[in-house]
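Working through the structure, step by step
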Amino acid sequence: MYRFIPILILLAACTETPPPEQTSTASEDAPVDLAFCKGEAFAASVGQPVSTIQANLPERSRVLGPNDIATQDYRIDRLNVFVNDAGVIQRLTCG
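Quantities reported herein were computed from a predicted structural model and do not represent experimental measurements. (Residues numbered from 1 in each chain as written. Predicted model: local features only at pLDDT ≥ 70, side-chain atom pairs only at ≥ 80, totals over all residues. Heavy atoms only, no water.)

**A closer look at the overall build of the chain**
- The number of helices and strands found in the chain is 2 helices and 3 strands.
- Counting from the amino terminus, helix and strand elements in the chain follow one another as α-α-β-β-β.
- The burial tally for the chain puts 25% of its 95 residues in the buried class.
- Considering only contacts in the chain between residues 6 or more positions apart, those separated by 24 or more positions represent 38%.
- Accessible area of the chain: about 7,600 Å², with a carbon and sulfur share of 58%. (Helix = DSSP H or I, 4+ residues; strand = E, 2+ residues; numbered from the N terminus. Buried < 20%, exposed > 50% of the residue type's maximum accessible area, 1.4 Å probe, protein only. Contact = heavy atoms within 4.5 Å. Areas by Shrake-Rupley, 256 points an atom, 1.4 Å probe, with all protein chains shown as cover.)

This is the structure we're talking about:
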């Protein structure tokens, strides 16, 4: 009887588990307040080329493409400008 326990444990480990439910994160639901990083002046530039505002961006801002590497440190005073492959602004965030 006891010799079947390891077999049952192995069989239980092979069963499929359902995928976790997709839940929205707070960052998707919450509106972006760009006042912390001096980005409210650039909020209307989403959908435009980044070259139109790049010279006027605040000092601690960074432009990030889809394949760019970025540090994960959170700085509330830094403006993040996310662009697509064509250089068109997709979204703005602080941090």
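Resuming the write-up.
**Some words on unusual backbone geometry**
- Phi angles above zero are rare outside glycine, and Lys-38 is one such case at about 60 degrees.
- By secondary structure assignment, the location of Lys-38 is in the loop between helix H2 (26-29) and strand S1 (62-64).

**Description of the pattern of salt bridges**
- In this structure the tally under the stated criterion is 3 salt bridges.
- For Arg-78, the salt bridge identified is with Asp-73, shortest N-O distance 3.3 Å.
- Of the residues examined, Arg-78 reaches a relative accessible area of 9% and is grouped as buried.
- The shortest N-O distance in the salt bridge between Arg-75 and Asp-77 comes to 3.7 Å.
- Overall, Arg-75 belongs to the partly exposed group, its relative accessible area being 32%. (Salt bridge = Lys/Arg side-chain N within 4 Å of Asp/Glu carboxyl O.)

**Focus: the state of the cysteines**
- For the structure on display, the rule yields 1 disulfide.
- The disulfide bridge from Cys-37 ends at Cys-94, spanning 2.0 Å between sulfur atoms. Looking along the S-S bond of the Cys-37-Cys-94 disulfide, the torsion reads about -65 degrees, which is the left-handed sense. Taken together, the residues Cys-37 in the loop between H2 and S1 and Cys-94 in strand S3 (residues 89-94) connect sequence positions 57 residues apart. Each member of the pair, Cys-37 as well as Cys-94, is classed as buried. (Disulfide = S-S within 2.5 Å.)

**Looking at the sheet that holds S1**
- Across the sheet, which stays open at both edges, the 3 strands sit in the order S1-S2-S3 with mixed pairing between neighbours. Across the chains shown, the open sheet's two edge strands, defined by having one partner strand only, are S1 and S3. Taken over all neighbouring pairs, the strand axes of this sheet differ in orientation by 25 degrees on average, direction set aside.
- Here 3 bridges tie S1 to strand S2 (residues 79-83), and the two strands are oriented parallel to one another. Bridge pairing links Leu-64 to Phe-82 in S2. (Pairing = 2+ DSSP bridges. Axes fitted to C-alpha atoms, helices over the stretch in contact; angles between N-to-C directions.)

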